[in-house]
Amino acid sequence: MSGLVTAALAIVAFFLPDIAWLPRGGLVGWLLLLAGLAELALGARRGFDPVGKAAFGSGLLTALAGLLFVANPGAGYFPVANVITGWLLVRGGWMLAMAMRLRSSQPRLWLATTGVTDLLLGFVLIAGLPVSSLVVTIFGPTREIVAKFALILAASFAVTAIAQIAIALAQRSQPGTTRRTA
């Protein structure tokens, strides 16, 4: 279930540049909060196995990042981008660390893929920050900058959703393990 929720949030994030009816800081906050709650639910369902711990820790981090913007929905581009960059880097490191604790190769692969993706996306935001800051200073947040940011957020959510669904499907295919699903 959390994989499907996260996939839906990836679609909304992809269309972030087209959504003008809500302040983007607030919308990003709600996306992160909902993704975090989905991961927290997954972690709670899985319990204290490594995938459950990874999901719970990631969900807590994601929900807290979301709460920052739900509390301040009018946040501008740079506060949002800075927090998202930090979130991607910390979350990516957490997922990689948790992947290394797994013995099962398939969940390890999916957690590592999620971690590497988030780290790479965080580095993409860092690399683009000097150019973005100059453009935003001169012109304000342009549609292209918001679109790039939205694609980065959507990519993180999409890879996480794919990983959650793949882990759930692999878990269901094993006899006697229908309780723990993504």
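Keep in mind it's a predicted model, so treat the numbers as computed, not measured.

Some words on the overall build of the protein
When helices and strands are counted, the protein shows six helices and zero strands. The linear arrangement of helices and strands in the protein, starting from the amino end, is α-α-α-α-α-α. Out of the 182 residues in the protein, the part that is buried amounts to 48%. A separation of at least 24 residues holds for 74% of the contacts in the protein among residues at least 6 apart in sequence. Carbon and sulfur atoms make up 74% of the accessible area of the protein, which totals about 8,700 Å².

Here's the deal with helix α1 (residues 2-14)
Because each turn of an α-helix spans 3.6 residues, side chains separated by three or four positions end up pointing in the same direction. Given a rise of 1.5 Å per residue, 13 residues ought to cover 18 Å, and the 18 Å separating the end C-alpha atoms of α1 matches this to within 8%. Turning to α1, its buried residues number three or more, namely S2, G3, T6, L9, A10 and A13. In a view along the axis of α1, the buried residues occupy a sector of 120 degrees, so they form one face of it. Among the exposed residues of α1, those pointing more than 90 degrees away from its buried face are L4 and I11.

Thoughts on helix α3 (residues 50-71)
Taking 1.5 Å of rise per residue, 22 residues should cover 32 Å, and α3 covers 31 Å from first to last C-alpha, within 8% of that figure. Taken residue by residue, α3 has V51, G52, A54, A55, S58, G59, T62, A63, A65, G66 and F69 as its buried positions. The buried residues of α3 occupy an angular sector of 165 degrees when projected down its axis, which confines them to one face. When the buried face of α3 is taken as reference, the exposed residues oriented beyond 90 degrees from it are L68 and A71.

Things to note about the confidence of the model for the protein
Looking at the protein, pLDDT values average 84 and 80% of them are 70 or higher. No element of the protein has a lower mean pLDDT than helix α5 (residues 105-139), at 82, and none a higher one than α3, at 92.

Here's the deal with the nonpolar core
The biggest cluster of nonpolar side chains holds 23 residues, and the ones touching the most others in it are V28, L32, I84, W87, L153 and F157. Mapped by element, the contributors of at least two residues to this core are α1, α2 (24-46), α3, α4 (77-100), α5 and α6 (143-173). The greatest single-element share of this core, amounting to six residues, is contributed by α6. Not counting the four nearest positions on each side in its chain, W87 is found in contact with L32, L61, T62, A65, G92, L153, S156 and F157. Counting nine residues, the second-largest nonpolar core is a separate cluster that includes V51, A99, L102 and I167.

Re the packing of aromatic side chains
Counted according to the given criterion, the structure contains two aromatic pairs. For the pair F14 and F15, a centre-to-centre distance of 5.1 Å together with 85 degrees between the ring planes defines the contact as edge-to-face.

So, the pattern of salt bridges
Counted according to the given criterion, the structure contains three salt bridges. Residues R91 and D118 are paired through a salt bridge, measuring 2.3 Å at the closest nitrogen-oxygen approach. Within this pair, whereas R91 is found in helix α4, its partner D118 is found in helix α5, the two being separated by 27 residues in sequence. The burial state of R91 is the same as that of D118; both residues are buried.

Procedures and definitions
- Residues numbered from 1 in each chain as written.
- Predicted model: local features only at pLDDT ≥ 70, side-chain atom pairs only at ≥ 80, totals over all residues.
- Heavy atoms only, no water.
- Helix = DSSP H or I, 4+ residues; strand = E, 2+ residues; numbered from the N terminus.
- Buried < 20%, exposed > 50% of the residue type's maximum accessible area, 1.4 Å probe, protein only.
- Contact = heavy atoms within 4.5 Å.
- Areas by Shrake-Rupley, 256 points an atom, 1.4 Å probe, with all protein chains shown as cover.
- Expected span 1.5 Å × (residues − 1).
- Arc of directions from axis to C-beta.
- pLDDT = per-residue confidence, 0-100.
- Core = buried A, V, L, I, M, F, W, Y, C linked by side-chain atoms within 4.5 Å.
- Phe/Tyr/Trp six-rings, centres within 6.5 Å; stacked < 30°, edge-to-face > 60°.
- Salt bridge = Lys/Arg side-chain N within 4 Å of Asp/Glu carboxyl O.

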